[in-house]
Amino acid sequence: MTAIRRASPTRWSREDRSTFLWAMLFLSPWIIGFVVFTAIPMLWSLFLSFTSYSPLTGNAPLVGLANYQRIPTDPKVTTALWNTMYFTVLFVPLSTILSIFLASLLNRIGNRTSGFFRTAFYLPNITPAVATGTLFILVLANPDGLLNSFLRFFGITGPSWLNDPAWLKPGIVIMMLWSIGGTIVILFAALRNVPAELHEAAEIDGANTFQRFRNVTLPLISGALFFVIIINTIAAIQLFSEVYTIFGGQRQGAVGNDAALFYVMYLFREAFETFRMGYASALAWLLFVIVGIITAIQFRLSKRFVYYENG
Amino acid sequence: MAIERTPVGPGAGAASPAAPGTVPVALPGTQSRTASRPMTPRRIAERVVFIVLLLFFTLLFVYPFIWLLSASLKTTTEVFNNVLIPNPPHFENYTNLIGQQPVLNWAWNSFVVSVLAATTVTISSALVAFAFAYFRFPGRNLLFGLVLATLLLPGTVTMIPTFLIWNFLGFNNSLVPLWAGNLFGSAFYIFLLRQFFMTLPRELFEAARVDGANHLRIWWSIALPLTRAALVVVFVFELKAAWTDLLKPLIFLHDIALYTLPRGLKAIVDNPSIGGQKEWELLAAAGVIVTVPMIIVFFLGQRYFLEGIATTGSKG
């Protein structure tokens with residue numbers, strides 16, 4: 001593009017104006033989309049959270065802070081928050097460790113062979129969430145499901161993954177760990193960018209495998225690691241489709257009390273099954289604040305732990 | 001790179017299997033670690049252990065698919081019998097399912113929604129991304145910052161008003177809300193494509209300007225063909241996202257004939273005459289029908305899926 005000349009800081013040349021109009025034309029889809037599907041919905045959702053709106057009546061009577069005051073006294077919210085936290089705290093570290101382990105193995109066997117394994121590991125990722133849920137209804141079935149048959153092979157009697165409240169969430173963690181292929185592929189790409197000479201140098205200096213991993217590999221992949229941890233945490237907090245398939249809709253109540261009630265599932269139920277959209281909007285804003293705080297904490301921590309090559 | 005290149009130690013460098021004629025310079029990141037090392041018996045043993053371990057995990061990741069396929073060809077009593085190849089295979093499970101439920105309708109709806117969603121989001125995101133990479137105008141960085149900020153916004157916050165907006169526009173209980181939002185681009189793809197457009201040399205555009213091409217022409221005839229690979233990444237990602245989505249169909253689709261395949265599968269799981277009767281083979285068949293098209297798309301566009309997902313990590 002030709003250089004932009006300015007007659008004065010306040011007056012635009014004809015060319016400046018033309019460029020600006022073209023830019024706005026190109027950006028117009030996003031600007032319209034941002035206003036209609038992000039800005040207005042956010043304000044609307046905030047407004048709804050102060051009403052008891054229901055699409056069944058069409059009325060949105062203002063109720064002040066009543067929805068927010070109800071949240072801490074709602075036992076379902078406590079249960080849903082606890083279940084969601086339980087799942088996230090179990091799933092995020094396990095998925096990260098397992099992904100690093102598998103990505104490191106892939107990185108050690110050379111690129112040609114690793115292609116086959118990467119494809120295999122990624123396959124569960126392209127499986128629709130509903131299909132994953134359906135599959136795991138069968139995998140986690142007791143006593144003859146795939147998992148318990150596998151455990152029986154080793155002489156272990158597996159629990160009732162889909163009915164026993166104590167084993168529901170570990171079962172769900174296993175289901176979600178099945179789809180960590182995306183994380184593996186990202187970490188594998190990061191590992192491949194670690195220069196081999198650094199490892200060799202460290203090895204010559206007498207560093208053992210663990211020391212090399214801790215002091216060479218880990219700092220160099222910390223950026224990608226941080227990325228997958230944030231993404232997986234946000235996704236874990238918003239766990240929905242897979243568990244809704246198994247435990248939601250008409251199957252709700254088929255399973256032990258509320259052991260499988262997760263936050264977004266409860267939010268969805270309030271909004272689109274009982275149509276208490278005012279209360280559901282308040283729940284959505286609480287989720288927004290929780291996700292915001294957790295992401296902010298993770299960004300703060302990353303400043304201390306993530307190594308940036310260029311400063 | 002801030003770290004100084006350390007000289008490669010004796011043995012390790014000297015014995016590296018460099019092909020004759022190639023310059024024996026270690027390219028960081030382009031060489032697999034094993035390639036630069038001599039194959040001592042210990043390393044061979046190590047490699048065997050690694051591959052056996054990986055094969056074990058491959059089995060864990062892939063076996064459930066095979067098991068599901070096998071279950072879909074059994075009778076109700078055989079589903080959990082631990083026989084991998086059903087004898088005889090009951091292909092009629094599929095025809096029974098298609099006879100019982102409007103599966104073909106659902107497949108068609110899924111196809112239409114996925115193709116429209118992927119096409120619209122690719123074009124609109126490319127247009128917006130190009131503007132951010134190409135034009136220089138006041139407020140550009142601020143607007144791009146806004147794009148990035150929406151990336152971190154959990155979709156659940158805007159879920160309810162988005163439903164109300166489509167409902168107000170008269171599109172509740174139609175396929176439109178499942179794809180039409182993509183006409184306005186998507187923050188993640190805008191971000192991804194902008195990175196690719198920024199790698200194109202500016203002189204290319206300037207030359208076209210001199211030749212009298214307008215900006216739209218430059219975008220369509222120069223920028224898009226040069227970023228074809230990135231556009232395919234966006235297309236296949238969105239194809240997968242639209243095909244697998246359950247939430248939007250749950251919210252917007254109320255007539256059984258309008259369901260997409262995932263929504264239909266959830267209905268089958270919920271159906272008391274299938275899930276309740278424990279006709280697991282029909283559930284399995286439905287699961288196979290929903291998944292197989294994605295597996296085909298994945299194998300056709302494998303390179304784009306794997307490179308695309310790896311790129312997200314390094315750009316993020």
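The structure presented is a predicted model; accordingly, all values stated were derived computationally and were not measured. (Residues numbered from 1 in each chain as written. Chains lettered and ligands numbered in written order. Predicted model: local features only at pLDDT ≥ 70, side-chain atom pairs only at ≥ 80, totals over all residues. Heavy atoms only, no water.)

Draft legend 1. Just unusual backbone geometry, in detail. The omega torsion across A:Asn142 and A:Pro143 is 5 degrees, close enough to zero to call that bond cis. Within the fold, A:Pro143 resides in the loop between helix H5 (129–139) and helix H6 (146–153). Here the residue pair B:Asn87 and B:Pro88 is connected by a cis peptide bond, since its omega of -5 degrees sits within 30 degrees of zero. Mapped onto the elements of the fold, B:Pro88 is located in the loop between helix H1 (41–71) and helix H2 (92–100). Phi at A:Phe275 is positive, roughly 60 degrees, even though this residue is not glycine. The topology assignment puts A:Phe275 in the loop between helix H12 (263–273) and helix H13 (277–305). Exposure remark for A:Phe275: the relative accessible area of 24% places this residue in the partly exposed category. Not every positive phi belongs to a glycine, and B:Asn173 is a case in point at roughly 60 degrees. Structurally, B:Asn173 can be placed in the loop between helix H5 (155–168) and helix H6 (176–179). (Helix = DSSP H or I, 4+ residues; strand = E, 2+ residues; numbered from the N terminus. Buried < 20%, exposed > 50% of the residue type's maximum accessible area, 1.4 Å probe, protein only.)

Draft legend 2. A look at the packing of aromatic side chains. All names here are of chain B. In this structure the tally under the stated criterion is 48 aromatic pairs over all chains. Here the aromatic rings of Phe130 and Phe197 are separated by 5.4 Å at their centres, their planes lie at 80 degrees, and the arrangement is edge-to-face. With Phe130 in helix H3 (residues 103–134) and Phe197 in helix H7 (residues 187–198), the pair connects residues that are 67 residues apart, well separated along the chain. Accessibility classification places Phe130 together with Phe197 in one group, the buried group. (Phe/Tyr/Trp six-rings, centres within 6.5 Å; stacked < 30°, edge-to-face > 60°.)

Draft legend 3. Main features of the interface of chain B and chain A. On the side of chain A, 107 residues touch chain B, which itself brings 105 residues to the contact. Summed over both partners, the interface of chain B with chain A comes to about 9,900 Å²; 78% of that surface belongs to carbon and sulfur atoms. Taken together, the connections running from chain B to chain A amount to two salt bridges. Here A:Glu203 ties to B:Arg43 by a salt bridge, and the two come within 3.8 Å at their closest N and O atoms. For the pair chain B and chain A, the number of links is 12 residue pairs in polar contact (both at pLDDT 80 or more). (Contact = heavy atoms within 4.5 Å. Buried area = accessible area lost by both parts, 1.4 Å probe. Salt bridge = Lys/Arg side-chain N within 4 Å of Asp/Glu carboxyl O. Polar contact = N/O pair within 3.5 Å; in protein donor to acceptor, adjacent residues only side chain to side chain.)

Draft legend 4. Summary view of the layout of surface pockets. Size it by volume and the second largest pocket reaches roughly 700 Å³. What lines the second largest pocket is a set of 20 residues, and nearest its centre among them are A:Leu147, A:Phe150, B:Leu59, B:Leu60 and B:Pro64. Elements with a minimum of two residues in the lining of the second largest pocket: H5, H6 and helix H7 (165–177) of chain A together with H1 of chain B. For the lining of the second largest pocket, the per-class residue count stands at 18 nonpolar, two polar and no charged. (1 Å grid on protein atoms, 1.4 Å probe; cavity = no way out; pocket = protein on both sides within 12 Å on 5 of 7 lines; lining within 4 Å. Points joined across faces, edges and corners; volume = space filled by probe spheres on them. Nonpolar A, V, L, I, M, F, W, Y, C, P; charged D, E, K, R; others polar.)

Draft legend 5. Inspection of the side chain of A:Asn67 at higher detail. Residues and elements named next belong to chain A. In this structure, Asn67 sits in helix H2 (residues 66–70). Take Asn67: its relative accessible area is 8%, and that puts it in the buried class. Ignoring anything within four residues of it in the chain, the contact list for Asn67 reads Leu48, Ser49, Phe50, Thr51, Gly278, Tyr279 and Ala282.

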